[in-house]
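Summary of the model geometry
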Amino acid sequence: MSDRRLLLVHAHPDDESITTGATIAKYAAEGAHVTLVTCTLGEEGEIIPPELAHLAADREDRLGEHRIGELAAACAALGVRDHRFLGGPGRWRDSGMMGAASNDHPRCFWRADVDEAAGELVKIIREVRPQVLVTYDENGFYGHPDHIQAHRVAWRAFHLAADPAYGEGEPWPIAKFYHTALPRSVIKRMADDLRRSDVGFLPADAVDEPSYGCADEDVTTEIDAREHVAAKLAALRAHATQVTVRGQWFALSNNIGQEALGVEYFILRAGVRGPAGVGAPYETGGLGEPYDREDDLFAGVDQG
């Protein structure tokens, strides 16, 4: 049994599958203890199937309750046995997109006190004692307020958990803190491939400099989890209110197609970068040469 312990902090149900599903499935299959923390129930999600339209956000937040079950099914598909809602189910509410009226809801995660929310995450960190933490970058990848707040909370908890003067429980310094990433070259490649397909989804903008994503050279870590794409696709299908899956492709309510990538990308924000790994060839979905990136989130970590 592996002594590797991985903690992922995501904003809503389905984020774990979209951005890190293959990586989660890989480490879970290899025996690592994978803990997934979800910050909201996703109450403001846009519902795709007409037959589930009655779950649309309302005073009773029936969509959030429904998505608890979707997330449980996704976790089962990915092999996650340790899932927590930050502060308990429904403690903080989905804030919706930036500028939406739901940003002003008194319980929305965007308005959460960062220290209070980080304190809840510290409790989990000191219990689980992960060597590695994964969440979004400062912009939440694409500017969603809950993704931005997840970064702020995780970054604060990363420091507080190691502080002997803070809270209760034994201090725990996490060895490595990662941001999720999607290189612009991969975005462009997906859009080009989608144009040649017949799955019926819209391609993302394939200009040379997409408005989101990162430069290839910013990627520090490339996880080749192609063997676990089937698990990722099963997890995506579990999020039926939010995701449509066709073959190797999926789309949210905007109908913009994305490939269910088996190679996933990360940027090391804190910790010591481990040795370079083998790397996935370009033709298999990797960034290709030079193979100067880590191929393991635990690279260089003492798993004590």
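Located above this text is the structure these notes cover.
Residues numbered from 1 in each chain as written. Predicted model: local features only at pLDDT ≥ 70, side-chain atom pairs only at ≥ 80, totals over all residues. Heavy atoms only, no water.

As a further point, take helix α6 (residues 184-195). Here α6 is 12 residues long and its end C-alpha atoms lie 17 Å apart, about the 16 Å a rise of 1.5 Å per residue gives. Of the residues making up α6, those classed as buried are Val186, Ile187, Arg189, Met190, Ala191 and Leu194. On its buried face, α6 is in contact with β8 (249-251), β9 (257-259) and β10 (263-270). (Helix = DSSP H or I, 4+ residues; strand = E, 2+ residues; numbered from the N terminus. Expected span 1.5 Å × (residues − 1). Buried < 20%, exposed > 50% of the residue type's maximum accessible area, 1.4 Å probe, protein only. Contact = heavy atoms within 4.5 Å.)

The 7 strands lie next to each other as β3-β2-β1-β4-β5-β10-β6, forming an open sheet whose pairing is mixed. Edge positions in the sheet fall to β3 (82-85) and β6 (221-224), since each of these pairs with one other strand and no more. Taken over all neighbouring pairs, the strand axes of this sheet differ in orientation by 25° on average, direction set aside. Across 5 bridges, strand β5 (residues 176-181) lies against β10 in antiparallel orientation. Residue pairing across strands places Tyr178 opposite Leu268, the latter belonging to β10. (Pairing = 2+ DSSP bridges. Axes fitted to C-alpha atoms, helices over the stretch in contact; angles between N-to-C directions.)

All chains considered together, the criterion is met by 7 aromatic pairs. Aromatic pair Tyr27 and Phe298: ring centres 5.4 Å apart, planes at 65°, arrangement edge-to-face. Of the two residues, Tyr27 sits in helix α1 (residues 15-29) while Phe298 sits in the segment after β10, which places them 271 residues apart along the sequence. Classification of Tyr27 as buried rests on a relative accessible area of 1%. Between the aromatic rings of Phe158 and Phe177, the centroid separation amounts to 5.2 Å while the plane-to-plane angle is 65°, which identifies the pairing as edge-to-face. Of this pair, Phe158 sits in helix α5 (residues 145-160) while Phe177 sits in strand β5, placing them 19 residues apart in sequence. Overall, Phe158 belongs to the buried group, its relative accessible area being 11%. Site record: aromatic cluster; members linked through ring pairs are Trp155, Phe158 and Phe177. (Phe/Tyr/Trp six-rings, centres within 6.5 Å; stacked < 30°, edge-to-face > 60°.)

A word on the pairing of strand β4 (residues 132-135). The side-chain alternation of β4 yields two buried faces, one formed by Val132 and Val134 and the other by Leu133 and Thr135. With 3 bridges joining them, strand β1 (residues 5-10) and β4 adopt parallel strand pairing. Considered in β4, the bridge of Leu6 is made with Val132. The pairing of β4 with β5 spans 4 bridges and is classified as parallel. Opposite Leu133, over in β5, you have Phe177 as the bridge partner.

This brings us to the packing of α1 against helix α2 (residues 62-78). Taken N-terminus to C-terminus, the directions of α1 and α2 make an angle of 40°; their axes are 9 Å apart at the nearest point. The angle between α1 and α2 places the two elements in the oblique class. Between α1, through Glu16, Ser17, Gly21, Ile24, Ala25 and Ala28, and α2, the contact on the second element is made entirely by Leu71, Ala74 and Leu78. Split into classes, the residues belonging to the contact of α1 with α2 amount to 6 nonpolar, 2 polar and 1 charged. (Parallel < 35°, antiparallel > 145°, perpendicular 65-115°, else oblique. Nonpolar A, V, L, I, M, F, W, Y, C, P; charged D, E, K, R; others polar.)

Under the definition given, this model contains 0 disulfides. Unpaired in terms of disulfides, Cys39 finds its nearest cysteine sulfur in Cys108, a separation of 13 Å. (Disulfide = S-S within 2.5 Å.)

Our next topic: the sheet that holds strand β7 (residues 244-246). Overall, antiparallel pairing links the 3 strands, which are arranged β7-β8-β9 in an open sheet. Each having just a single partner strand, β7 and β9 make up the two edges of the open sheet. Averaged over all neighbouring strand pairs, the angle between strand axes comes to 30°, with direction disregarded. Here β7 runs beside β8; their pairing, made up of 3 bridges, is antiparallel. Residue Thr244 lies in a different strand from β8, and its bridge partner there is Ala251.

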